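These are the residues of each chain, in order.
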Amino acid sequence: GQYVEFTVDDARRYHAATYSIGMGAARLFSRSVDLTGRKLMLDLGGGSGAYSIVATKTWPGLKAIVLDLPPVAVVAQEYIARNDATDRVTAMPGDFTRTDFPKGADVVVMASNLPQYEPDLIRLVVGKAFDALVAGGEMHLIGETLHDDRRGPLSAALWGLNEAVYGSTGVAHTESEVKSYLQGAGFTEVTVHPFVPGVLSRVA
């Protein structure tokens, strides 16, 4: 709900504050996965486009689409241009809970927005991603996840608390719950990888 009146200026301020963190995470992602031979990455809620910018630079032949809210897509296009990536990365305005996903992607990434959504919405988005992927495609869901005993990490718990304070339907999800969202959509060989220890996991 808080993004209903989100403006381009709001998006510029937000990403001016978070862009360097996003680029660091994007470099870590591109060191952590092998996207050899992949052709098209769909970056859900991709913000500044950091993951797409770095991945397409790292893996020759890979192109990417950043799907984010219309004001954010404007700002993403600015960062894409600033990084000389307009030949590899495009920004698509939309709401990934409602907008139809483009077909033909063989990689889907959803990073750093997991706790903002309730389980049913995550299932919806993951199901849409599964349906949009070509056969043999892969999805990477990177987010603040609780251990299965719910005793940590603190950052994931605080994200869940933050959502509660703001009256969001978002929650802190456990690693097993995130695995189940992907498996329920039809994904196989679902595994949990530490991404930023104590902060982020990558469920693939």
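Residues numbered from 1 in each chain as written. Predicted model: local features only at pLDDT ≥ 70, side-chain atom pairs only at ≥ 80, totals over all residues. Heavy atoms only, no water.

**Q** So what exactly am I meant to see when it comes to the overall build of the protein chain here?
**A** When you go through the protein chain residue by residue, the secondary structure sums to six helices and nine strands. Relative to the compact-globule value of 17 Å for 204 residues, the protein chain shows a C-alpha radius of gyration of 16 Å, a close match. With the principal axes as the frame, the protein chain shows a C-alpha extent of 45 × 40 × 30 Å. Sequence separation of at least 24 residues holds for 71% of the intrachain contacts in the protein chain that already meet a minimum separation of 6. (Helix = DSSP H or I, 4+ residues; strand = E, 2+ residues; numbered from the N terminus. Rg over C-alpha atoms; globule rule 2.2 N^0.38 Å. Contact = heavy atoms within 4.5 Å.)

**Q** When you look at the layout of surface pockets in this model, what are you seeing that I'm missing?
**A** Rolled over the atoms, a probe sized like a water molecule indicates the empty space that remains. Empty space within the second largest pocket amounts to approximately 240 Å³. Looking at the second largest pocket, it is lined by 14 residues, and the ones nearest its centre are G136, G137, E138, F187 and T188. Counted by class, the lining of the second largest pocket contains seven nonpolar, four polar and three charged residues. (1 Å grid on protein atoms, 1.4 Å probe; cavity = no way out; pocket = protein on both sides within 12 Å on 5 of 7 lines; lining within 4 Å. Points joined across faces, edges and corners; volume = space filled by probe spheres on them. Nonpolar A, V, L, I, M, F, W, Y, C, P; charged D, E, K, R; others polar.)

**Q** Can you walk me through the packing of helix α1 (residues 8-32) against helix α2 (residues 50-58) in this structure?
**A** In a packed pair of helices, the relevant descriptors are the angle between the two axes and the axis-to-axis distance. The contact between α1 and α2 brings their axes to 8 Å, and the two run at 40 degrees. One finds that α1 runs oblique with respect to α2. Relative to α2, α1 is oriented so that their crossing is right-handed. When α1 is examined against α2, the residues G22, M23, A25, A26, R27, F29 and S30 are found in contact with a partner set consisting of A50, Y51, V54, A55 and T58. For the contact of α1 with α2, the residue count by class is eight nonpolar, three polar and one charged. (Axes fitted to C-alpha atoms, helices over the stretch in contact; angles between N-to-C directions. Parallel < 35°, antiparallel > 145°, perpendicular 65-115°, else oblique. Left-handed = near helix turned anticlockwise from the far one by under 90°.)

**Q** I tried to follow the pairing of strand β2 (residues 63-68) on my own but got confused; where do I start?
**A** Each regular strand carries side chains that alternate between the two faces of the sheet. Among the six residues that make up β2, five are buried, leaving the element largely enclosed by the rest of the structure. With five bridges connecting them, strand β1 (residues 40-44) and β2 associate as parallel partners. Its bridge partner lying in β2, L44 is registered against L67. The parallel pair β1 and β2 is bridged by α2, and the resulting crossover is right-handed. Across five bridges, the pairing between β2 and strand β3 (residues 89-93) is parallel. In the sheet register, V66 faces β3, and the bridge partner there is A91. Read as a crossover between parallel neighbours, the route from β2 over helix α3 (residues 70-82) to β3 is right-handed. (Buried < 20%, exposed > 50% of the residue type's maximum accessible area, 1.4 Å probe, protein only. Pairing = 2+ DSSP bridges. Right-handed = clockwise from strand over helix to strand, strands pointing away.)

**Q** How do you make sense of the pattern of salt bridges when you look at a structure like this?
**A** Pairs can form between side chains of opposite charge whenever their charged atoms are close. Per the stated rule, a full pass over the model turns up eight salt bridges. Measuring nitrogen to oxygen at the nearest pair gives 3.3 Å for the salt bridge that ties D9 to R12. Highlighted residues: D9 and R12, both in helix α1, separated by three residues, approximately one helical turn. Note on D9: relative accessible area 45%, which makes it partly exposed. Owing to a relative accessible area of 36%, R12 belongs among the partly exposed residues under this scheme. The network of salt bridges with shared partners includes D9, R12 and E78. (Salt bridge = Lys/Arg side-chain N within 4 Å of Asp/Glu carboxyl O.)

**Q** Just to check I follow, could you spell out the environment of A81 for this structure?
**A** Position of A81 among the secondary structure elements: in helix α3. Through-space distance from the C-alpha of A81 to that of I53 is 9.9 Å; in sequence the pair is 28 residues apart.

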